[in-house]
Amino acid sequence: MATQPVNQPETESEKQPQLYTNFFQQHILNGVDYWCTHAAVQTIDVPVLDEKRENILKAISLGLGVDEAWPLVRQLIIDLATYMERRGFWDVWHVMLERAIVTAQRVSDLDGETTLTALLARVCQRESQLAETVRYYRRVIKLARQTGNRYEEARACSNLGFLYIESGYWWRSEVLSGRALAIFDKLENMHGQAHTHNHLGCLYTRQCHWKQAQGHLKLACDIWRDMDDKHGLMRGNENLGVLYNEVKKADDAIIHLNKALQYAELVGDEAQRGFLLNNLGIAYRDKQNLDLAENYVKEAEAIFDRASNQAGLTLVWWNLGLIQKEQEQWDAAIKSFEQSLANSYELKNFHGVIDLLLELIESEVALENRLQATIRFDELQSILVLHKPNRQHVSLLAKIKDCENTMHQFLV
């Protein structure tokens, strides 16, 4: 007769591993909970967060391995997102968000996945990863519609609309911004309304519709002022500064850019300080105060260099080349333009590539370097075969035509 198996009670040695596991998981839960409720996280106290950042990130990283900690980890990531973005810690944050999305999928948290994907899209946008940003925002829209999350749908439409400005898809940008604004109006969400008006202001600036652009940007600033949103006011004043730079009203640009710079320092947005300083360099270059312009640009360069911000460095070297060109420091200008050109190729910013090749051709012509001018002109022609600007880019098309005329005369 077969012997029936007997259930034996666990021995003390068998209980030990489970006890250690429970203790370790509880330790992780306590750590995540501590940072979730920490005053520095709740108020975005930048100096304290700078000091404690590694500890917080370690708590998040450990928490992602414990399903029971997920609600706390998700909230901590959301609360910390603006700090990580503004301080320029994009690489580490990108990886953390990817891990968090995998966790959200594992625990079937569709709302969490939607919000975290939106945050990842924002980081990719700051990193100038165009294709990835578009892909993530489209996924956010899809997820938000599945769950009926109208706010996240509108926010993704607004941000994707802004992204399409740089890509030259202006009709798509206007349609998406209009859809976002309609949802935000229905939700009575002032934050979303302000951001979308700001995006429309940027779109109309790019289209040279100055009055419409100014109206949307001022409306965005009015809303942010009523909300006491300093970061929004930084953005709005920055874009007004860009608009005034475009219409060659340097004094007005300087007023708004300095306001934006004050707000950037208040909210601790170090990455945006670099862009503001570069734009101040443009304004002072237009005023022919070239020494002060160069000082601002060099300060911006140091910020972008510390953060390995390639998009920022591209703009800085471009601007520096223009300053050096004004000073007739042709060799230095060519070096700066070449640095910016290499980055523009890397970032697949082909309109930037075209503009920089035009600057390089003009510089080589000024130096009467027939061979180098011809090499650059041939490079330009090759790029235009694949990436010719459309008729919306009036000023760039005019510059290409002028360059072709110049080269025809130069090579005769």
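Predicted model only: the values in this text are computed from it and were never measured.

What counts and what doesn't
- Residues numbered from 1 in each chain as written.
- Predicted model: local features only at pLDDT ≥ 70, side-chain atom pairs only at ≥ 80, totals over all residues.
- Heavy atoms only, no water.
- Core = buried A, V, L, I, M, F, W, Y, C linked by side-chain atoms within 4.5 Å.
- Buried < 20%, exposed > 50% of the residue type's maximum accessible area, 1.4 Å probe, protein only.
- Helix = DSSP H or I, 4+ residues; strand = E, 2+ residues; numbered from the N terminus.
- Salt bridge = Lys/Arg side-chain N within 4 Å of Asp/Glu carboxyl O.

Draft legend 1. Focus on the nonpolar core. If you look at the biggest cluster of nonpolar residues, it comprises 54 residues, and the most contacted ones within it are Ile 60, Ile 77, Leu 80, Trp 93 and Leu 116. A per-element tally of this core places helix H4 (residues 70–86) first, with 8 residues. In terms of nonpolar packing, the next biggest core, distinct from the first, is built from 43 residues, Ile 165, Ala 283, Tyr 296 and Leu 320 among them.

Draft legend 2. Seen up close, unusual backbone geometry. Residue Ser 108 is not a glycine yet carries a positive backbone phi of 60°. With respect to the helices, strands and loops of the structure, Ser 108 is situated in the loop between helix H5 (90–106) and helix H6 (110–126). Classification of Ser 108 by relative accessible area gives exposed; the value is 66%. In the Ramachandran plot, Glu 328 falls in the positive-phi region, its phi being about 60° despite a non-glycine side chain. Looking at Glu 328, the relative accessible area reads 60%, which means it is exposed.

Draft legend 3. Molecular detail of the pattern of salt bridges. Taken as a whole, this structure holds 26 salt bridges when the rule is applied. Between Arg 106 and Asp 67 there is a salt bridge; the shortest N-O distance is 2.6 Å. Of this pair, Arg 106 sits in helix H5 while Asp 67 sits in the loop between helix H3 (46–63) and H4, and the two are 39 residues apart along the sequence. By relative accessible area, which is 44% here, Arg 106 ends up partly exposed. Between Glu 338 and Arg 376 there is a salt bridge, and its shortest N-O distance comes to 3.0 Å. With a gap of 38 residues between them, Glu 338 in helix H17 (residues 330–346) and Arg 376 in helix H19 (residues 370–387) connect regions that are remote in the sequence.

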